[in-house]
Amino acid sequence: MTATLCPACDAGVVVDGATLPNEIVECGECRSELEVVTTEPVLLALAPEVEEDWGE
């Protein structure tokens, strides 16, 4: 497991070693959805908002 900072609130976010890039994790402090950009080193970004036409 690796800890990194939430880009929204700067709280510590623990990312499991099995987490892959593009997965969504949640900040335990502010509940923001975060996208794993890279795993080496772990880099998180705010997840994009789901739009209505996704999957159509």
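Heads up: these notes are all about the structure in this document. Fair warning: this is a prediction, and the values are worked out from it, not measured in the lab.

Note that Glu23 resides in the loop between strand E2 (12-15) and strand E3 (24-26). Taking the relative accessible area as the measure of exposure, Glu23 reaches 32% and is therefore partly exposed. The sequence separation of Glu23 and Ala45 amounts to 22 residues, and the corresponding C-alpha distance is 11 Å. When neighbours within four sequence positions are excluded, Glu23 is seen to be in contact with Ala18, Leu34, Glu35 and Val36.

Listed in full, the 10 residues of the largest apolar core are Cys6, Ala11, Val13, Val15, Val25, Cys27, Leu34, Val36, Val42 and Leu44. Secondary structure elements with two or more residues in this core: E2, strand E4 (33-39) and strand E5 (42-46). Not counting the four nearest positions on each side in its chain, Leu34 is found in contact with Cys6, Pro7, Val13, Glu23, Ile24, Val25, Cys27, Leu44, Ala45, Leu46 and Ala47.

Taken in spatial order, the 3 strands line up as E3-E4-E5 in an open sheet, and their pairing is antiparallel. Looking along the sheet, the strands with just one partner apiece sit at the ends: E3 and E5. Strand-to-strand twist in this sheet, taken as the mean axis angle between neighbours without regard to direction, amounts to 45°. Looking at chain direction, E3 and E4 are connected through 3 bridges and run antiparallel. Among the inter-strand pairings, Val25 is bridged to a residue of E4, identified as Leu34.

Bringing the pairing of E2 into the picture now. For a regular strand, the rule is simple: side chains alternate between the two faces of the sheet. Taking every second residue as pointing to the same face, the buried face of E2 carries Val13 and Val15, while none of Gly12 and Val14 on the other face is buried. Sheet topology places strand E1 (residues 2-5) next to E2; 4 bridges connect them, and they run antiparallel. Across the sheet, Ala3 pairs through a bridge with Val14, a residue of E2.

Parameters and conventions
Residues numbered from 1 in each chain as written. Predicted model: local features only at pLDDT ≥ 70, side-chain atom pairs only at ≥ 80, totals over all residues. Heavy atoms only, no water. Helix = DSSP H or I, 4+ residues; strand = E, 2+ residues; numbered from the N terminus. Buried < 20%, exposed > 50% of the residue type's maximum accessible area, 1.4 Å probe, protein only. Contact = heavy atoms within 4.5 Å. Core = buried A, V, L, I, M, F, W, Y, C linked by side-chain atoms within 4.5 Å. Pairing = 2+ DSSP bridges. Axes fitted to C-alpha atoms, helices over the stretch in contact; angles between N-to-C directions.

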